[in-house]
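# Commentary on secondary and tertiary structure
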Amino acid sequence: MEWQEVIKRLLQNKVSLFGILIILFFIIVAVFAPYIAPPRDADEPYLIPRGGWSIQPQPPNEEYIFGTTEGQYDIFYGIVWGTRTAFRIGLVVVGISSFIGISVGTIAAYYGGFIDEIIMRITDIFMSIPFIIATIVFVTILGQGIGNVMIALITFSWMSTARLMRSQVLSVKEDEFVQAAVALGANDFRIIFKHIILNTIFPVVIQASMRMGSMVITASTLSFLGVGAPEGYADWGQMISFARNWILGVEGNPLNYWYTLVIPGAAITLFCLSWNLIGDAFRDILDPKLN
Amino acid sequence: MKKSYWILLLVVIIAVGGYFYSTQQQEVVEEPAQEEIVQEEPAEETAEVVNPDTFTEVNMGNIDSLDPHFQYDTSSAEIVDNVYENLIRFDKGDITKFVPNLATEVPSEENGLIQNDGKTYIFPMREDVVFHNGNSLTPEDVKYSFLRALIQDRDGGPVWMIYEPLFQVGSLAEVTQEVVGVENPSDLSAEQSEEVYNYLEQAVEVDGNNVVFNLPQPFPPFLSIISQGNGLGAVIDKEWTIEQGGWDGQPDSIAEYTNPTKEDDPLFDKMNGTGPYELVEWTNGESTILKRHDDYWREPASIPNVVIQMVDEWSTRKLMLQRGDADIVYVDKQYMSQVEGMDGVEVIRGLPNIYMGAGLMNYNIVTEGNPDVHSGQLDGEGVPSDFFSDIHVRKGFNYAMNYDAFVEDVLEGDGQQGRGPIPEPLLGYEEDSLTYSFDLEKAEEHFRQAFDGELWEQGFEITILYNSGNDVRKLAADMLKNYVEQINPDFKINVRGIQWASYLDKLIANKFTLGFIAWGADYADPHNFAVPFLRSDGTYGGFKGEDYISWAEENVDPVIDEGISTTDPDEREKIYKDLQSLAYENAVDMYLYQPTAQVIMRDWVEGWYYNPIKDPGIYFYDLDK
Amino acid sequence: MISYIARRFLILPVILFGVTMLIFSMIMMLGPYQRLSTYIKDPAQLKGAEDIDQLVEKFGLDDPWYEQYGRWIGGVVKGDFGWSESAGAPVTKAIADRFPATIELALFSLIPVILGGIILGVLSAVNHNKTLDHIIRIFAVVGWSFPSFVFGLLVLMIFYGVLGWLPPGRLSNWAYEIIRSTDFVSYTGLYVLDGILNLNFKIVVDALRHLIAPVFTISILWWAFILRITRSNMLETLKKDYIRTARAKGLAENIIVYKHAVRNALIPVVTVAGQMVLGLAGGLVIVETIFNIRGLGQFMANAAQQLDYPGVLGGALYYGFFLILINLFVDVSYAVIDPRIRLE
């Protein structure tokens, strides 16, 4: 199936169209963030401005339309600039880790034998530590900060792509046209790149779009646990961690601080939902079993 | 078919949105109804005490160790305080008045038990006191306990507190250095060990039924240091401790028993004291269970069982309080509004807390490999190493802090601005002493003078660090940033949170710029605050850089030494007042706040009183419900 | 197959060694003063530079990394996993204390996750492209998109804050008192099981009540995963020749679906079980943190944040060991279920 065909189908499918529209909305928010929520200090736009020094969250009002979190961080501002953070994490982490995964998986499968064995055992080692634990350890060591979160996520997320790529390449490798190319004396690199990768890339792309959501979730989980974004940095996960101790409200009104949880929670869920809808539709289109 | 997708998604979104909208609406409508319910429940609860035989305290965090001579944190101290006992104790939280405990009299000049111009303290011992295992207390146990503490002296532990009055040094290592020239006590040979032991032994003697302490110099806070609540003065059972594998009581074995790790310390998880409660079970991070000691030398405690639970999640603690499952809970300052007005719950705020939170300024910042000073020079792009050595810079920062807003908003009024290293109500604290106030004009005036006006022209950029998770410190740093940047557009402050590990590293490596720290009282005496903050080798003073150290050696240390060797309270007061104003005049640190404490308990708790030295630990013996 | 199992067992120590080396080398990226933070929790505990260097020496933080690793591994060989500063207990004890909570939660989650996922998947496939299919799939993808900490907090807010039904923790306070009393024998540390064994059904009910919210939070996430695999395989199977034949023979649709198709569609579910257990292990970290369950996940998260490397390494070894074992079990049982698969 050709790229154009896939994209056409994605746009025709209402579900993936819905996903694409949400993503477009987030892209607009991210691009126009400086106009939607002008930063107080242009040098540090990712620092959420404080509307005071008090600890108690304030409900939505005219000045802060989504209210403020504990410590008076403006929720609206955090959501808007947090969109940029989410995109940055998603694109960088998925991009680089997919690239690493594709390279590693292809090399392992193409050369096989001893190289394959070594690479796959290293992959096993990286996979044997639960992802979230591994990233917590690494971020704790590297220190807080979005850059460090991305490094940790990349370090521990390339393995599934590598495995997928390896199995894809193994099956393609037996195909006639690859065999033919080898017989014709094409060099290793050309074979790998031209024939194998281009013929195996679709499942990896599906996986990548699903991972966009999960990487953003993991990054915000780290912030939620207090090891990710620095305090006051525009990041959805952190905004939710600000909500953590307020979810039971006050005497007589358990939902008193609902906005601290529901608004950032909705942003992050919608973001992940849109990527998953696209990934899902993508899969349906490409899954030969269903056609 | 495909249309149904759209319809369904819409339904989901509307349903979710509608739910929250409607709950919002409902709140308004249902409020009176809910109040009724709330009022009904507690009416039953107050009438009927939940679990009358068990007192439940819900706290958070871990307990470091149950060894009274090892632990140095409030959670451990609370358990130790209820299980072990000291020679004397404070009279129900009055830190100026002692009453006898395991001793039968409190030594004083008047009763002749303090002799030799305040250098000899005599404690007549109480008889018929038994440990939880049934052994009787003897004066020998007291001597053994103090010697064990001195020998154990673990790194980072509390024992320095008695080395100071008894030997005028800070640690066993200093004693071994002085007596036999060995730097590390674990390297002592048997002979050297005996020599050191003999030196230590002359400080604590048994004389018939008396225990006698010999001090080389008068040390006014001595009684306060060894009083109940401070574990290092706790008396343990010699026979039992040796059975457990603790120090064998022999002079030649110091090397073997000094400075243990927790896993090597036999008393880490075992207790046997003379106190009103004995240990039943301890699961670290989960719960500690105590039961009444029936052979206690006073009337046995009125509540038979005590459970101290560790629950880190605030929402759970809150629920336990609400239901009456907990009698006392720990509440972070920021959640006070959530317990205020809870039925059947008593909230007491504004309890004096002997504690000082301050901003520490590093007079000689190590600039090499330190991104926090940026360019490391006075060029508008960074700060030079001696940035804070300039008194005008320090004063500028001191005037740029909004103390009132900090106390009102961050502490929600539960505290006051610090007036120097010494907090209320210790000697030397004065309600109307001079202090810095929030005054941007004065701040500007001083910044203009700093570095002969060069700073004002060039501007600066600096990064202030705080350890992540500490909201109060972050807020303080954010405030400074906010106000200092208003003074001059070329002034730039970055606030950055780093993990505790890196924060500690910065402090040790002298790479911090301005950092917020705090000191809580070990014992109730201004000496305990003057030393860490001001002395050239104090916990914090020692980290403030060469310029500070040499200044303090000349100007501060002699005053502190005079203060601690003077016995007359009036004279002492004058000395500590001098220290307080010395700190003000030189803007040594930014003394930000002295918080007050609060206690949150069910209203059926009786007999509770506040002890500022033990806060937030509770002494269960005096309680009932 | 035996040689396959043997090979996997031989590789096991290699992997575990690799895992510990990986974690250890990460932690050794920090300097000795930074790692001292595990032992010094408050600057007030510092007394000056001398004291600090003594502490570094005492805990051997300044030694070359291989010596520190050697010390640790030497202990492990003797069965001593070291001291966990974050738990304030030996690592083995800390893990043993927390293991039952995690196992209980994992076991109780697996049942609804797998059963629910399969049922939803079958329903979805049978009603291919009908309304029910769409509802189920949207439900699943929304569930999959919910970060579990957001969902968990929402559950707490509504079912605990507003309704008061599902409290956090493992047991109510009164139940803890029964558990701690001498009449109650703790056989397994799994409260539901212990309750049954002690014939104390109040405990069983209370423990189950506390399990609902975390299990629900986990299930919401994993249903989508199982559902998708079941659905896709069901659809494939339903097109297979033998199903067509069965239909042609006039067998009732229900029998076809449940007898033939479901059984065949289940095989791939077994294959992903290993992957799922790994994901579940990670998910438990968050669920345990939010619902205040003192389990292995919470322990490891704490240890990681406090750079308590014996704690993290010990936990990782435990996890690694179990995960590899489970994967092996899955591989073998897969080969047994489906003879066409041969293990190399």
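Computed from a predicted model, the values in this text were never measured in an experiment.

### A short note on the overall build of chain A
- The helix and strand tally for chain A stands at 12 helices and zero strands.
- Seen in sequence order, chain A has helices and strands lined up from the N terminus as α-α-α-α-α-α-α-α-α-α-α-α.
- C-alpha extents for chain A along the principal axes are approximately 75 × 45 × 40 Å.
- In chain A, which comprises 291 residues, the share counted as buried stands at 62%.
- Excluding contacts between residues fewer than 6 apart, the proportion of contacts in chain A whose partners are at least 24 apart in sequence is 72%.
- Split by element, the accessible area of chain A, about 11100 Å² in all, is 65% carbon and sulfur.
- Seen as two clouds, the 17 positive and the 22 negative side-chain charges of chain A have centres 6 Å apart.

### So, the side chain of B:Lys143
- Inspection of the secondary structure puts B:Lys143 in helix 3 (residues 139–152).
- Each residue touching B:Lys143, except ones within four places of it in the same chain, is listed here: B:Glu201, B:Val204 and B:Val206.

### A look at a negative patch on the surface
- Taken together, the side chains of B:Glu183, B:Asp187, C:Asp53, C:Glu57 and C:Asp62 define an acidic patch exposed on the protein surface.
- For B:Asp187, the location among the structural elements is in the loop between helix 5 (172–180) and helix 6 (190–201).
- The exposure class assigned to B:Asp187 is exposed, which follows from its relative accessible area of 54%.

### Overview of the nonpolar core
- Core analysis: the biggest nonpolar cluster contains 252 residues, and B:Phe387, B:Phe397, B:Phe447, B:Phe460 and B:Leu480 have the highest contact counts within it.
- Both domains that furnish three or more residues to this core are identified here as domain 1 (2–89) and domain 2 (94–305) of chain C.
- Grouped together as the second largest cluster of nonpolar side chains are 136 residues, B:Tyr84, B:Trp160, B:Trp247 and B:Val588 included.

### A few points about the interface of chain A and chain C
- Contacts between chain A and chain C engage 50 residues on the former and 52 residues on the latter.
- Summed over the shared surface of chain A and chain C, the result is two salt bridges.
- C:Arg137 is the salt-bridge partner of A:Asp280, the closest N and O atoms lying 3.9 Å from each other.
- In this structure, the connection of chain A to chain C is made through three residue pairs in polar contact (both at pLDDT 80 or more).
- Secondary-structure elements contributing two or more residues to the side of chain A that touches chain C are helix 5 (113–128), helix 6 (131–142), helix 10 (188–224), helix 11 (236–243) and helix 12 (258–286) of chain A.
- It is helix 12 of chain A that contributes the most residues to the side of chain A that touches chain C, 13 residues altogether.

### Quick look at the pattern of salt bridges
- Applying the stated criterion across every chain yields a total of 41 salt bridges over all chains.
- When the shortest N-O distance is used, the salt bridge between B:Arg535 and B:Asp561 registers 2.6 Å. In this pair, B:Arg535 sits in the loop between helix 18 (527–534) and helix 19 (546–555) while B:Asp561 sits in helix 20 (residues 557–565), placing the two residues 26 residues apart along the sequence.
- Residue classification places B:Arg535 among the buried positions, given a relative accessible area of 19%.
- What makes B:Asp561 partly exposed here is its relative accessible area of 37%.
- The network of salt bridges with common partners includes A:Glu44, B:Lys481, B:Glu485 and B:Lys492.

### Thoughts on helix 12 of chain A
- The first and last C-alpha atoms of helix 12 of chain A sit 41 Å apart over 29 residues, in line with the 42 Å expected at 1.5 Å per residue.
- Burial of helix 12 of chain A is extensive: 25 of the 29 residues sit out of reach of the surface.

### So, the pairing of strand 8 (residues 277–283) of chain B
Residues and elements named next belong to chain B.
- Here strand 8 lies mainly inside the structure; five of its seven residues are buried.
- Judged from the six bridges that link them, strand 8 and strand 9 (residues 287–292) form a sheet pairing that is antiparallel. Paired with glutamate 281 across the bridge in strand 9 is isoleucine 289.
- What sits between strand 8 and strand 9 in their antiparallel hairpin is a turn of three residues, with glycine 285 showing a positive phi close to 80°.

### A short note on the interface of chain B and chain A
- Opposite the 42 residues of chain B that make contact, chain A presents 34 residues.
- A combined buried area of about 3500 Å² lies between chain B and chain A, and 54% of that area is made up of carbon and sulfur atoms.
- Applying the counting rule to chain B against chain A returns three salt bridges.
- Here A:Glu44 ties to B:Lys481 by a salt bridge, and the two come within 3.4 Å at their closest N and O atoms.
- Going through the elements one at a time, helix 1 (2–47), helix 10 (314–323), helix 11 (336–339), helix 13 (403–410), helix 16 (471–487) and strand 16 (491–498) of chain B are the ones with two or more residues in the side of chain B that touches chain A.
- Among the elements that line the side of chain B that touches chain A, the one with the most residues is helix 1 of chain B, at 11 residues.
- A class-by-class count of the residues in the side of chain B that touches chain A yields 15 nonpolar, 16 polar and 11 charged.

### Considerations on the sheet that holds strand 4 (residues 114–115) of chain B
Residues and elements named next belong to chain B.
- Read from one edge to the other, the open sheet built from four strands follows the order 4-5-7-6, with strand pairing classed as antiparallel. Each end of this open sheet is capped by a strand with a single partner; those strands are strand 4 and strand 6 (204–207).
- Pairing of strand 5 (residues 120–124) with strand 7 (residues 210–214) involves five bridges; the strand directions are antiparallel. By the bridge assignment for strand 7, phenylalanine 123 is matched with valine 211.

### A short note on the packing of helix 5 of chain A against helix 8 (residues 159–173) of chain A
Residue and element names in this part refer to chain A.
- Running from amino to carboxyl end, helix 5 crosses helix 8 at an angle of 145°, the nearest separation of the two axes being 10 Å. Judged by the twist between their axes, the crossing of helix 5 over helix 8 is left-handed. Mapping the contact onto sequence places Asp116, Met120, Thr123, Asp124, Phe126 and Met127 in helix 5 and Met159, Arg163 and Arg166 in helix 8.
- Residue composition of the contact of helix 5 with helix 8, by class: four nonpolar, one polar and four charged.

### With respect to the domain arrangement of chain C
- Parsing chain C into structural domains produces domain 1 (2–89) and domain 2 (94–305).
- Each of domain 1 of chain C and domain 2 of chain C was reduced to a C-alpha centroid, and the two centroids are 35 Å apart.

### What about the packing of helix 3 of chain B against helix 4 (residues 160–167) of chain B?
All names here are of chain B.
- Remark: helix 3 packs on helix 4, axes separated minimally by 10 Å, with the N-to-C direction vectors making an angle of 110°. With respect to their mutual orientation, helix 3 and helix 4 come out roughly perpendicular. Judged by residue contacts, Phe146, Leu150 and Ile151 of helix 3 engage Ile162, Tyr163, Leu166 and Phe167 from helix 4.

Thresholds, definitions, all that
- Residues numbered from 1 in each chain as written.
- Chains lettered and ligands numbered in written order.
- Predicted model: local features only at pLDDT ≥ 70, side-chain atom pairs only at ≥ 80, totals over all residues.
- Heavy atoms only, no water.
- Helix = DSSP H or I, 4+ residues; strand = E, 2+ residues; numbered from the N terminus.
- Buried < 20%, exposed > 50% of the residue type's maximum accessible area, 1.4 Å probe, protein only.
- Contact = heavy atoms within 4.5 Å.
- Areas by Shrake-Rupley, 256 points an atom, 1.4 Å probe, with all protein chains shown as cover.
- Lys, Arg positive; Asp, Glu negative; His and termini not counted.
- Charge placed at Lys NZ, Arg CZ, Asp CG, Glu CD.
- Patch = residues over 30% accessible without salt bridge, like charges linked within 9 Å, V, L, I, M, F, W, Y side chains within 5 Å.
- Salt bridge = Lys/Arg side-chain N within 4 Å of Asp/Glu carboxyl O.
- Core = buried A, V, L, I, M, F, W, Y, C linked by side-chain atoms within 4.5 Å.
- Domains from an automatic or database assignment.
- Polar contact = N/O pair within 3.5 Å; in protein donor to acceptor, adjacent residues only side chain to side chain.
- Expected span 1.5 Å × (residues − 1).
- Pairing = 2+ DSSP bridges.
- Buried area = accessible area lost by both parts, 1.4 Å probe.
- Nonpolar A, V, L, I, M, F, W, Y, C, P; charged D, E, K, R; others polar.
- Axes fitted to C-alpha atoms, helices over the stretch in contact; angles between N-to-C directions.
- Left-handed = near helix turned anticlockwise from the far one by under 90°.
- Parallel < 35°, antiparallel > 145°, perpendicular 65-115°, else oblique.

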